[in-house]
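Results of the structural survey
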Amino acid sequence: MIRSLKILALLASPLTLFSQQAEMPPRMESTNQPARFGPLRFREDSVTIIGEYKNFTGGPPFKVAVSEWISNNQVTYSAPIDSNGHFRLTFPMPAPGEIHIDFGRASLWNVAIPGETMYLSADMNKIEGPKRGDTAAITAWKEHTATIFEGSNARLHNDIYRYWRHQAASSNQTGYGSRQWNEQFKLDAFCDTVHGIFRSRMQFLQDYHRRTPLEARALQFIETTLRYSNASVLTQRYYYVLWNDRVKHEKRYFATIDSIVRPVLTTGYLAMDYRTVLRDIHSHISTKALNLPGSNIDSLHNEYILHPVERSLTQAWLASIIQRQGHVLDDSMMTALRASVKEPYLIKQLTQRNDALKALQADNALLAGARLITEFPELKTSAEIYRHITAPYRGKVIYLDIWGTWCIPCREAMQHMPPVKEQYAGKDVVFLYLANRSPMEAWKNTIKQHRITGANVVHYNLPAAMQQLFEKDYLDEGFPTYMLIDKEGKLVTQKAPRPHHTAELITAINKLL
């Protein structure tokens, strides 16, 4: 079992930043062997990546994806790349953890440590991997260094990068973890198959480490991410299994998951999939509490969430979900949260978000001119409801969004709407929003928060029975659902382009104008 150690402070002299035209600085690896990663500790800090892409011929900004600790979401930060291929990006990093560097181009998987400056050099002509099956090309690609990290943690980052190249070139699990791959197995066979793949990957790591010794933190990070990536394949499959099948396989399934992750519980936070595993386990706890009369969700939580840090994190994530749904946490909820979440950083972030929500709730000026419709005649069929909400807008194209304050994907999609609404300001287009199971204050807070207002925007909050009646005939599989309705009030599609497919959405609307 990996022992819990405190993280040693990594002290490095300040690095002189190079100009846009300067060469990469010399390697700055410390001669001391750094201590292994220890238990999770937060601090207000950031990471800076300064880099150069050789043979850069243009393209999108340089991007880094990290996991945001409060929301449990992946967040992407970006910075422009100049004509010489140089870039610099600084992003928040309160604890060591996995980062994805410029996926889709450099596609580098590594770890970042709060306070560090990473120097990155990559040759765009040599970064793409070889075709599967080309043995000579694979061998050459594994040995060639197309990318170099420099700085105080150079060996750590380069060891991870070189291992990743060897593992990627040697892997033959095409489609591993995809839903199509998962569903070819029954649940018990799936559990055995994933555990077998996990063991083979652990053996690959051990063999590689014998041939090419890894820096202690690199080995620790790779093992942790490997364990949690395989555990997440198991929890993701279980997430979609019907309740009766879950009960049948639960004991064995969770014993397998536990055997995979237990050796790295104290450092699981290093892996992005750590959050996925915890989220899926909590979802199972909630489902079990609903399906077993008399069960206590707090007792189940303590049974399945084994580590104190994990318990603290899941409580913080649950509070964050409530806030993201537009709800202010009252004083009693904040008091209970402070008792269960021991990390000052998490409490500070949640308190700041709660205060921002309180201010938002009090600012009614943000709803000035907004059309919020909450009163309706008695409508007994979905057809009647459809006519009632669309008839006032005959002669206009309608983009209708069925959403809910509780629906995170619905809310995230709203951030892509401002440019679409601006495109059609003053034109014969109206944007209608139908809210599902959305309490009044949370509904209004969400509208304020995402600025979903304007002369061409209308919000409906139907009575629950009427909303359910409407959704029975018009909801397309789930939330959110986007509908396009022509100028005569005829439904064109219940599968309209989503807001983040902006160009497709604009094309679809233009066809109806």
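The structure we're discussing is the one just above.
Report on the accompanying structure. The structure displayed is predicted, hence computed values, not measured ones. (Residues numbered from 1 in each chain as written. Predicted model: local features only at pLDDT ≥ 70, side-chain atom pairs only at ≥ 80, totals over all residues. Heavy atoms only, no water.)

When helices and strands are tallied, the protein chain shows 17 helices and 14 strands. Nonlocal contacts in the protein chain, meaning residues at least 24 apart in sequence, comprise 74% of its contacts between residues at least 6 apart. Of the roughly 24700 Å² that the protein chain leaves accessible, carbon and sulfur atoms contribute 52%. (Helix = DSSP H or I, 4+ residues; strand = E, 2+ residues; numbered from the N terminus. Contact = heavy atoms within 4.5 Å. Areas by Shrake-Rupley, 256 points an atom, 1.4 Å probe, with all protein chains shown as cover.)

A few words on the pairing of strand β6 (residues 108-112). Burial analysis of β6 places five of its five residues in the buried class, the great majority of the element. Because side chains alternate across β6, one face comprises the buried residues Leu 108, Asn 110 and Ala 112, and the other comprises Trp 109 and Val 111, equally buried. Looking at chain direction, strand β5 (residues 97-101) and β6 are connected through five bridges and run antiparallel. Across the sheet, residue Ile 99 finds its bridge partner in β6, namely Asn 110. Two successive antiparallel strands, β5 and β6, enclose a turn made up of six residues, where Asp 102 displays a positive phi of approximately 50 degrees. (Buried < 20%, exposed > 50% of the residue type's maximum accessible area, 1.4 Å probe, protein only. Pairing = 2+ DSSP bridges.)

Okay, helix α15 (residues 440-449) next. Within α15 the residues assigned to the buried category are Ala 442, Trp 443, Asn 445, Thr 446, Ile 447 and Lys 448. Those residues of α15 hidden inside the fold are in contact with α11 (344-362), β9 (371-373), β10 (397-403), α13 (408-414), β11 (429-435) and β12 (457-460). Arg 451 sits one or two positions beyond α15 and adopts a positive phi of about 55 degrees.

Turning our eyes to something else, we now look at helix α5 (residues 216-239). For α5, with 24 residues, the first-to-last C-alpha span of 34 Å sits near the 34 Å given by 1.5 Å per residue. Burial analysis of α5 places 21 of its 24 residues in the buried class, the great majority of the element. For α5, the side-chain oxygen to backbone nitrogen distance between the N-cap and Arg 217 is 2.7 Å, and the N-cap itself is Glu 215. (Expected span 1.5 Å × (residues − 1). Polar contact = N/O pair within 3.5 Å; in protein donor to acceptor, adjacent residues only side chain to side chain.)

Below, the discussion takes up the state of the cysteines. Under the criterion given, the structure shown has one disulfide. There is a disulfide in this structure between Cys 407 and Cys 410, and the S-S distance comes to 2.2 Å. Around the S-S axis, the bridge from Cys 407 to Cys 410 shows a dihedral of about 80 degrees and counts as right-handed. The residues Cys 407 and Cys 410 share a single accessibility class, namely buried. (Disulfide = S-S within 2.5 Å.)

Our next topic: the packing of helix α7 (residues 273-291) against helix α8 (residues 297-304). Orientation of α7 relative to α8, taken along the N-to-C sense of each, is 145 degrees, at an axis distance of 10 Å. Crossing hand, α7 versus α8: right-handed. Across from Ile 281, His 282, His 284, Ile 285, Ser 286, Lys 288 and Ala 289 in α7, the residues of α8 making contact are Ile 297, Leu 300, His 301 and Tyr 304. When grouped by side-chain class, the residues that make up the contact of α7 with α8 number six nonpolar, four polar and one charged. (Axes fitted to C-alpha atoms, helices over the stretch in contact; angles between N-to-C directions. Left-handed = near helix turned anticlockwise from the far one by under 90°. Nonpolar A, V, L, I, M, F, W, Y, C, P; charged D, E, K, R; others polar.)

With an omega of -5 degrees, the peptide bond between Phe 479 and Pro 480 qualifies as cis. With respect to the secondary-structure elements, Pro 480 resides in the loop between α16 (464-474) and β13 (481-485). Unlike most non-glycine residues, Asn 55 shows phi in positive territory, near 60 degrees. Relative to the assigned elements, Asn 55 resides in the loop between β1 (46-54) and β2 (62-68). Residue Arg 451 is not a glycine yet carries a positive backbone phi of 55 degrees. Structurally, the position occupied by Arg 451 is in the loop between α15 and β12.

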